[in-house]
Amino acid sequence: MTEISAPVRRGPYIGVITDRSLNLLLRSALLFMVGVLLALVLNLLQVQRNVTLFPPDVISSIFSSAWWVPPCCGTAAALIGLLYPCMDRRLGEPHNLKREWSNVMRCVAVFVGINHASAKVDFVNNVQLSLTLAALSVGLWWTFDRSRSGFGLGVAIATLATLATQLLVYNGLFQYTSPDFLYIRSWLPCIFFAGVITVGNIGRQLALYEYKASQEKNHQD
């Protein structure tokens, strides 16, 4: 008589791995969409001020942005948003400052305000503008982050993003009007730094939400 073997049960470890993989994918997708949305909104501010100029043959969106800019910003946002909570765990420096979504939304509003200032407010010269935006960016970090890992990653990523922008401008993919620092605007690193801090906070909050959900699920089980 043929024995009928019982179905193999999936252990709890497999279930946890599957859930984490799905959550990671969802977080990446949400961060990508946030990056794309911010890129479109902020680019619209810059174009209205005539700060950036794109060649006519690469303009393909309703916000007068090169087609590759929003996907690149979305990808960068996903990587940064996943990197920040990972570095917090690796360095043993959890981010515990005002961990709620209302604070994250305020951080996004301040970031958009900093970009609005760079595009709309008239300053005496670029040095004054750069110093003002640098102070506002550091103030954003102090208000919504205050972690050493957040500041270090912000500076490092802003430096790399500035170098990448210089290469893009040098190759003629787009240009800045009246560049004052190696083909670009001198205040650009400040904008990148503030953006990294903002996206990092969004990534941390998403990771915290996932952690709380998993803890509640384990408690119910």
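The present account deals with the structure reproduced in this document. (Residues numbered from 1 in each chain as written. Predicted model: local features only at pLDDT ≥ 70, side-chain atom pairs only at ≥ 80, totals over all residues. Heavy atoms only, no water.)

So, the pattern of salt bridges
For the record, the criterion: What makes a salt bridge here is a side-chain nitrogen of Lys or Arg within 4 Å of a carboxyl oxygen of Asp or Glu, nothing more. Numbering of helices and strands runs from the N terminus, with a helix taken as a DSSP run of H or I at least four residues long and a strand as a DSSP run of E at least two residues long. The buried label applies to any residue whose accessible area, calculated with a 1.4 Å probe on protein chains only, is under 20% of its type's maximum; exposed applies above 50%, and partly exposed to all values in between.
A complete count under the given rule lists 2 salt bridges for this structure. For Asp-145, the salt bridge identified is with Arg-204, shortest N-O distance 2.9 Å. Here Arg-204 lies in helix α6 (residues 188-220) and Asp-145 lies in the loop between α4 (126-144) and α5 (148-170), a separation of 59 residues in the sequence. Across the pair, exposure class does not vary: Asp-145 and Arg-204 are buried alike.

Section: the packing of aromatic side chains
Cut-off, in case you're wondering: What counts as a ring pair is set by centres within 6.5 Å for rings of Phe, Tyr and Trp (its six-membered ring), and what kind of pair is set by the plane angle: stacked under 30 degrees, edge-to-face over 60, tilted for all other angles. Charges are assigned to positions over rings by a cutoff of 6 Å between ring centre and Lys NZ or Arg CZ, combined with an angular limit of 35 degrees from the ring normal.
By the definition in use, this model includes 3 aromatic pairs. Pairing Phe-151 with Phe-193 gives two aromatic rings, centres 5.5 Å apart and planes at 70°, and the pair type is edge-to-face. Taken together, the positions of Phe-151 in helix α5 and Phe-193 in helix α6 put the pair 42 residues apart, joining distant regions of the chain. Overall, Phe-151 belongs to the partly exposed group, its relative accessible area being 34%. Following the ring pairs from residue to residue traces out a cluster consisting of Trp-141, Trp-142, Phe-151 and Phe-193. Geometry around Trp-142 places Arg-146 over its ring, the cationic atom sitting 4.5 Å from the centre.

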